[in-house]
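Understanding the architecture of this molecule
For reference, the chains in residue letters:
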Amino acid sequence: MPSIYIKVIAASSCFITALGLSGALSSSDTNQNLSILEETMIVHSSVTDESSAEYFLARALDFEEAGDLESSLSLLKKVIDSRVSPALVWAASLKQVEIHIATKRLSEAEKVLSRFIAQSSPGIHRALAYSHRADLYEAMGNKDQATLDRENIARLR
């Protein structure tokens, strides 16, 4: 059963389209309002398979490029929580880390990497996460933790 958000957005979309067809809204106003509704709808949707995860990841990148970092982070979290593909979860996690670093939220970036390490199986993605976290620890001045992460990478080989 569709969520209430999707029902409201669908009804709003029909209303905006009707206003546009009646001439009450200009074509550009109609397109702008429909675009806003589409952006709202994706934030309230969920990832169901690999193809929807890819779509969410692409939209998250669009939101980031537009400067809407909170919407981007929200969509990235949905991809991560879906666990549909290790590669997509890694890509979304890494993008979350980049956004947190860019906004000076280093502890949030560390949490994302730590969560990824804890939930991933041994392999290249975990080694990459350790490497990024080691670099982050270095930047935070925590040399001991950085050394431990580099030792963990060596153990994974």
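This report concerns the structure included in the present document. Here, residues in each chain are numbered from 1, in the same order as that chain's written sequence. Local features in this predicted model are restricted to residues of pLDDT 70 or higher, and side-chain atom pairs are both shown and tallied only at a pLDDT of 80 or more, whereas totals for entire chains, interfaces and linings draw on every residue. The basis for every side-chain value is the complete set of non-hydrogen atoms in the structure, without hydrogens or water.

1. A closer look at the packing of helix α5 (residues 86–102) against helix α6 (residues 106–119)
What describes two packed helices is the angle between their axes and the distance between those same axes. Axis definition: a line fitted to C-alpha atoms, limited for helices to the stretch in contact. Angles are taken between N-to-C directions and run from 0 to 180 degrees. For the purposes of this entry, the term helix denotes a DSSP run of H or I that reaches at least four residues, the term strand denotes a run of E that reaches at least two, and both are numbered from the N terminus. The contact between α5 and α6 brings their axes to 7 Å, and the two run at 165°. Judged on the interaxial angle alone, α6 and α5 are roughly antiparallel. Helix-helix and strand crossings are classified by hand; for α5 and α6 the assignment is left-handed. On α6, the residues touching Val-89, Trp-90, Ser-93, Gln-96, Val-97, His-100 and Ile-101 of α5 are Leu-106, Glu-108, Ala-109, Val-112, Leu-113, Arg-115 and Phe-116. For this classification, the nonpolar set comprises Ala, Val, Leu, Ile, Met, Phe, Trp, Tyr, Cys and Pro, the charged set comprises Asp, Glu, Lys and Arg, and every other residue, Gly included, is treated as polar. Grouping the amino acids of the contact of α5 with α6 by side-chain chemistry returns nine nonpolar, three polar and two charged. Small angles under 35 degrees read as roughly parallel and large ones over 145 as roughly antiparallel, with 65 to 115 read as roughly perpendicular and the rest as oblique. By definition, any crossing whose near helix is turned counterclockwise from its far helix by less than a right angle is left-handed, and any crossing with a clockwise turn is right-handed. A contact between two residues is defined here by any heavy atoms of the two lying within 4.5 Å.

2. Things to note about the side chain of Glu-110
If you trace the backbone, Glu-110 turns up in helix α6. We note that Glu-110 is buried and unpaired, the nearest opposite charge coming from Arg-133 at a distance of 4.4 Å. Residues adjacent in sequence count toward polar contacts only when both atoms are side-chain atoms; beyond that, a polar contact is any pair of N or O atoms within 3.5 Å, and within protein one must be able to donate a hydrogen and the other to accept it. Looking at Glu-110, its side chain comes within polar contact range of the side chain of Ser-114, at 2.7 Å. Once residues lying within four places of it in the same chain are set aside, the contact partners of Glu-110 are Arg-133, Leu-136 and Tyr-137. Relative accessibility thresholds used throughout: buried, under 20% of the residue-type maximum; exposed, over 50%; partly exposed, between the two (1.4 Å probe, protein chains only). Only four residue types enter the charge count: Lys and Arg as positive, Asp and Glu as negative, with His and the chain ends excluded. For this analysis, a salt bridge means a side-chain nitrogen from Lys or Arg found within 4 Å of a carboxyl oxygen belonging to Asp or Glu.

3. Re the pattern of salt bridges
The final tally for this structure, using the stated rule, is eleven salt bridges. Salt-bridge contacts for Asp-62 lead to Arg-59; the nearest nitrogen and oxygen are separated by 3.4 Å. Of the two residues, Asp-62 and Arg-59 are both situated in helix α3 (residues 50–66); the distance of three residues between them amounts to about one turn of the helix. Notably, a salt bridge pairs Glu-138 with Arg-150, separated by 3.2 Å at the nearest N-O pair. Highlighted residues: Glu-138 in helix α7 (residues 124–140) and Arg-150 in helix α8 (residues 143–156), separated in sequence by twelve residues. What makes Glu-138 partly exposed here is its relative accessible area of 30%. Through salt bridges with shared partners, one network takes in Asp-135, Glu-138, Lys-143 and Arg-150.

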